Structure formats: C-alpha cells, structure tokens
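What follows is each chain in one-letter form.
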Amino acid sequence: MPEQYLTVAQVAERLGTTERFPRRLIAERRIAFVKIGTHVRIAESVLDAYIEASTVPAIRSARSGRSRFGRAV
C-alpha cells in the first residue's frame, strides 16, 4: 500500500488539537514533512512514529491499594 500524506488539518484532527500545534511542530522542525510548492504534507508513518516517540508509559504503583493520603482507593 502506498504511503499516505496528510494535510495539516488532518494531522491536527488525528492528534485532537488545533492546526496551530502541527504547524508549530513543522516550524520548529520537530516532525519531518514534505513541502510541495506551498503545500505541506506529513507522511502517516512519520506521524505514527512521532506519536510513538511521544508516548509516556504508565507506571504501576507498588502500593497496596492505598492513596498517598492513606485512604483506601
């Protein structure tokens, strides 16, 4: 299947943000993009890699069902 290239609007929708956020990522060169004339596109695989790299794993607590205030959770 050929690579899909997304518009800034599509990237924003997929991330659940406004268009300003992906445009800032582009301006700060924090995400790879393709520029064709005046059009900017981000490869779907690049967006997937960005999301994967930005994902923070959950930490499982070693506590036995108690909150930090001593109350049962």
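As a reminder, the structure under discussion sits directly above these lines.
Residues numbered from 1 in each chain as written. Predicted model: local features only at pLDDT ≥ 70, side-chain atom pairs only at ≥ 80, totals over all residues. Heavy atoms only, no water.

## Examining the overall build of the protein
- The secondary structure content of the protein amounts to three helices and three strands.
- Helices and strands appear in the protein in the N-to-C order β-α-α-β-β-α.
- Looking at the protein as a whole, 18% of its 73 residues are labelled buried.
- Partitioning the intrachain contacts of the protein with sequence separation of at least 6 by distance along the chain shows that 44% fall at a separation of at least 24.
- For the protein, the exposed surface amounts to about 6,100 Å²; the carbon and sulfur share of it is 53%. (Helix = DSSP H or I, 4+ residues; strand = E, 2+ residues; numbered from the N terminus. Buried < 20%, exposed > 50% of the residue type's maximum accessible area, 1.4 Å probe, protein only. Contact = heavy atoms within 4.5 Å. Areas by Shrake-Rupley, 256 points an atom, 1.4 Å probe, with all protein chains shown as cover.)

## Side note on the pattern of salt bridges
- Using the criterion set out here, one finds five salt bridges in the structure.
- Between E44 and R14 there is a salt bridge, with its nearest N and O atoms 3.4 Å apart. A residue pair is termed long-range when its members are at least 10 positions apart, and E44 in helix α3 (residues 44–54) and R14 in helix α1 (residues 8–15) qualify at 30 residues.
- In this structure, R24 and E28 form a salt bridge, with 3.9 Å as the shortest nitrogen-oxygen distance.
- Counted as one network, the salt bridges with shared partners bring together R14, E44 and D48. (Salt bridge = Lys/Arg side-chain N within 4 Å of Asp/Glu carboxyl O.)

## Considering unusual backbone geometry
- Even without being glycine, R29 reaches a positive phi, approximately 55°.
- Here R29 shows up in the loop between α2 (20–27) and β2 (34–36).

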